[in-house]
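Take a look at the letters that make up each chain.
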Amino acid sequence: MKRFQEGLDNKVPMLVDTTLRDGEQTAGVVFSNREKLRIAKMLDNLGVHQIEAGIPVMGGDEKEVIKEIVSYKLQASIMAWNRANIEDIKHSLDCNVDAVAISISTSDIHIAHKLRTSREWVLKNMVKAVEFASKHNLYISVNAEDASRSDLDFLVEFAKQAQAAGANRLRFCDTIGVLEPFKTYEVISSLIDKTGMDIEMHTHNDFGMATANALAGLKAGASFIGVTVNGLGERAGNAALEEVAMALKHLFGVNLGVNTRDFRNLCEYVARASGRQLYPSKPIVGTNTFAHESGIHADGVLKHPATYEVYSPEEVGLERQIVIGKHSGSSAIKMKFVEYGIDLSDEEAADLLSAVRSVTVDMKRTLFDKELMYIYEDYLYEKKLVPSLDKSE
Ligand code: MN
């Protein structure tokens, strides 16, 4: 937990990864213990500050693997998730975690229809649980579930009582993903103004704004961002670790010291373990993010990568690809043939380009290198530059 402690001391924004908790709560996703251990190690090597490792009260494998993760003595802090009751927290204590998340709903709709109780009951139980955890020297995040639909005055009262009972931060949960960046900025600014408490953003992607909302919260003064690898998580998922870290670095100028070169590798591993494929246009780690087909883009990138790339592919563990397809231009075609030791003249490149266009339109996709070579061989034959197509292979 050294990295976490240093982060607290230096007051830097911190990443709280919940792939192993919220990520595994995705309908249909289960990790084996071996996968969980590997993911925890990979997250730690990457440089996240806190790992929410699971829910000890579930017992069995879930509890065992949390103990094992703790035994690795990672640089990251290891947090366990709890409902606001002492029984849950006792299970967390068994696991020797250094931090606990204590969760309870704060919105009237949850209090009335899920908990079927009152705001007073919520406050009383939260305070009891926090006081108990505080006596055991745990770092405490109090999670306001459905915070984004909660009455702000009540949330302020909730935060103040949590703080008085010994809580270290408030997790602001946009449980059903209804925030937008402008409202996020307003609410978080006001909450910090009224309580002075450390805030963690926990955002969901139901409207495709999880990353944007997390960053808006940070801009308003929140100091922790809850993330998951690939944005895994309930329903549409959470803010994605790779998106938040790279956006912070390149759009906000905040470098968290994360080993970004490991992103593709980590994301691929979690994609496999979760059975959720990485789609090609996935921001940051999708295979398409550094693939250029259009003639103008490919020509620009070949002359100077910064014309169409914000950062280099190596920075996230990817490679640049020039794809030959309907929108390719002659400089990309020439470059592709140079890879095969063939120097095309301008005229040849132009002729091949029109052949490539008609074939890709027929096929409705880009071409494999081998197909490109067939087109080239046909071209040579038609031009009577070779006697036959039977070039032995
Ligand atoms: Mn969640």
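Remember, predicted model here, so these are calculated numbers, not experimental data.

Quick notes on the sheet that holds strand S3 (residues 77-83)
Alright, step 1. Read around the closed barrel, eight strands run S1-S2-S3-S4-S5-S6-S7-S8, paired in parallel fashion. Adjacent strand axes in the sheet meet at a mean angle of 25°, parallel and antiparallel pairs treated alike.
Alright, step 2. Relative to strand S6 (residues 169-174), strand S5 (residues 139-145) runs parallel, the two being bridged by four bridges. The residue of S6 that forms the bridge with alanine 144 is phenylalanine 172.
Alright, step 3. Lying on the sheet, helix H4 (residues 60-71) is in contact with strand S2 (50-54) and S3; it crosses S2 at an angle near 155°.
Alright, step 4. In the packing of helix H7 (residues 119-135) onto the sheet, the strands contacted are strand S4 (99-105) and S5, and the crossing angle to S4 comes to about 175°.

Let's talk about the coordination of the manganese ion
Alright, step 1. Protein ligation of the manganese ion involves Asp22 (OD), His202 (NE2) and His204 (NE2), the donor distances falling in the range 2.0 to 2.3 Å.
Alright, step 2. Each donor residue of the manganese ion lies on the same chain, and together they follow the pattern D-x179-H-x1-H. With aspartate 22 in helix H2 (residues 19-23) and histidine 202 in strand S7 (residues 198-203), the pair connects residues that are 180 residues apart, well separated along the chain. The same class applies to aspartate 22 and to histidine 202, which are both buried.

Focus: the packing of aromatic side chains
Alright, step 1. Counting across every chain of the model gives five aromatic pairs.
Alright, step 2. Both rings, one in phenylalanine 4 and one in phenylalanine 224, keep their centres 6.4 Å apart while their planes meet at 40°; by these two values the pair is tilted. Placement of the pair is phenylalanine 4 in helix H1 (residues 2-10) and phenylalanine 224 in strand S8 (residues 224-227), with a sequence separation of 220 residues.
Alright, step 3. Residue classification places phenylalanine 224 among the buried residues on the basis of a relative accessible area of 2%.
Alright, step 4. A ring pair is formed by phenylalanine 290 and tyrosine 311, whose centres lie 5.6 Å apart and whose planes are at 65°; its orientation type is edge-to-face. Here phenylalanine 290 is found in the loop between helix H12 (263-274) and strand S9 (291-292), whereas its partner tyrosine 311 is found in the loop between helix H13 (295-303) and strand S10 (321-322), with 21 residues between them in sequence. Accessibility assignment for this pair places phenylalanine 290 and tyrosine 311 in one class, buried.
Alright, step 5. Sitting over the face of the ring of tyrosine 72, lysine 41 holds its NZ or CZ atom 4.5 Å from the ring centroid.
Alright, step 6. We note arginine 169 situated over the ring of phenylalanine 224; from NZ or CZ to the ring centre the distance is 4.4 Å.

Considerations on the packing of helix H3 (residues 33-46) against H12
Alright, step 1. Closest axis-to-axis distance for the H3/H12 pair is 11 Å, and the angle between their directions is 160°. Taken together, the axes of H3 and H12 are roughly antiparallel relative to one another. Between H3 and H12 the crossing geometry is left-handed. For the pair formed by H3 and H12, the contact residues are Arg34, Glu35, Arg38, Ile39, Met42, Leu43 and Leu46 on the first element and Phe263, Asn265, Leu266, Tyr269, Val270 and Ala273 on the second.

Quick look at the side chain of aspartate 22
Alright, step 1. Look at aspartate 22 and you get buried, because its relative accessible area is 2%.
Alright, step 2. At a separation of 3.3 Å, a polar atom in the side chain of aspartate 22 contacts the side chain of histidine 204.
Alright, step 3. Within the structure, the side chain of aspartate 22 is placed 3.4 Å from the side chain of asparagine 238, a separation counted as a polar contact.
Alright, step 4. With near-sequence residues (within four places) excluded, aspartate 22 lies in contact with His202, His204, Gly233, Glu234 and Asn238.

Re the domain arrangement of the protein
Alright, step 1. Looking at the assigned domains, one finds that the protein contains domain 1 (2-274) and domain 2 (287-382).
Alright, step 2. On a C-alpha basis, the centres of domain 1 and domain 2 stand 44 Å from each other.
Alright, step 3. Each partner contributes residues to the interface: domain 1 has seven residues there, and domain 2 has eight residues.
Alright, step 4. A combined buried area of about 660 Å² lies between domain 1 and domain 2, and 57% of that area is made up of carbon and sulfur atoms.
Alright, step 5. Counting every contact that joins domain 1 to domain 2 gives one salt bridge.

Thoughts on the packing of helix H14 (residues 330-338) against helix H15 (residues 346-363)
Alright, step 1. Two elements in contact, H14 and H15, have axes separated by 9 Å at closest approach and are oriented at 105°. Classified by the interaxial angle, the pair formed by H14 and H15 is roughly perpendicular. For the pair formed by H14 and H15, the contact residues are Ser330, Ile333, Lys334 and Phe337 on the first element and Asp346, Ala349, Leu352, Leu353 and Val356 on the second.
Alright, step 2. When the residues that make up the contact of H14 with H15 are grouped by side-chain class, the tally is six nonpolar, one polar and two charged.

Thoughts on the side chain of asparagine 213
Alright, step 1. Along the chain, asparagine 213 turns up in helix H10 (residues 210-219).
Alright, step 2. A distance of 3.1 Å separates a polar side-chain atom of asparagine 213 from the backbone oxygen of leucine 179.
Alright, step 3. Dropping the residues within four chain positions of it, asparagine 213 is found in contact with Asp174, Leu179, Glu180, Pro181, Thr184, Met201 and Thr203.

Notes on the pattern of salt bridges
Alright, step 1. For the structure on display, the rule yields 28 salt bridges.
Alright, step 2. Glutamate 62 serves as the salt-bridge partner of lysine 36, at 3.0 Å between the closest nitrogen and oxygen. Within this pair, whereas lysine 36 is found in helix H3, its partner glutamate 62 is found in helix H4, the two being separated by 26 residues in sequence. As far as the burial class goes, lysine 36 and glutamate 62 line up, both buried.
Alright, step 3. Here lysine 282 ties to glutamate 242 by a salt bridge, and the two come within 3.0 Å at their closest N and O atoms. Separated by 40 residues along the polypeptide, lysine 282 in the loop between H12 and S9 and glutamate 242 in helix H11 (residues 241-251) bring together distant segments of the chain. The residues lysine 282 and glutamate 242 share a single accessibility class, namely buried.
Alright, step 4. Beyond isolated ion pairs, a larger network of salt bridges with shared partners links Arg21, Asp22, Glu52, Arg169, Arg171 and Glu200.

Cut-offs used in this document
- Residues numbered from 1 in each chain as written.
- Predicted model: local features only at pLDDT ≥ 70, side-chain atom pairs only at ≥ 80, totals over all residues.
- Heavy atoms only, no water.
- Pairing = 2+ DSSP bridges.
- Helix = DSSP H or I, 4+ residues; strand = E, 2+ residues; numbered from the N terminus.
- Axes fitted to C-alpha atoms, helices over the stretch in contact; angles between N-to-C directions.
- Contact = heavy atoms within 4.5 Å.
- Donors = N, O, S within 2.8 Å, 3.2 Å for Na, K, Ca; no water.
- Buried < 20%, exposed > 50% of the residue type's maximum accessible area, 1.4 Å probe, protein only.
- Phe/Tyr/Trp six-rings, centres within 6.5 Å; stacked < 30°, edge-to-face > 60°.
- Lys NZ or Arg CZ within 6 Å of the ring centre and 35° of its normal.
- Parallel < 35°, antiparallel > 145°, perpendicular 65-115°, else oblique.
- Left-handed = near helix turned anticlockwise from the far one by under 90°.
- Polar contact = N/O pair within 3.5 Å; in protein donor to acceptor, adjacent residues only side chain to side chain.
- Domains from an automatic or database assignment.
- Buried area = accessible area lost by both parts, 1.4 Å probe.
- Salt bridge = Lys/Arg side-chain N within 4 Å of Asp/Glu carboxyl O.
- Nonpolar A, V, L, I, M, F, W, Y, C, P; charged D, E, K, R; others polar.

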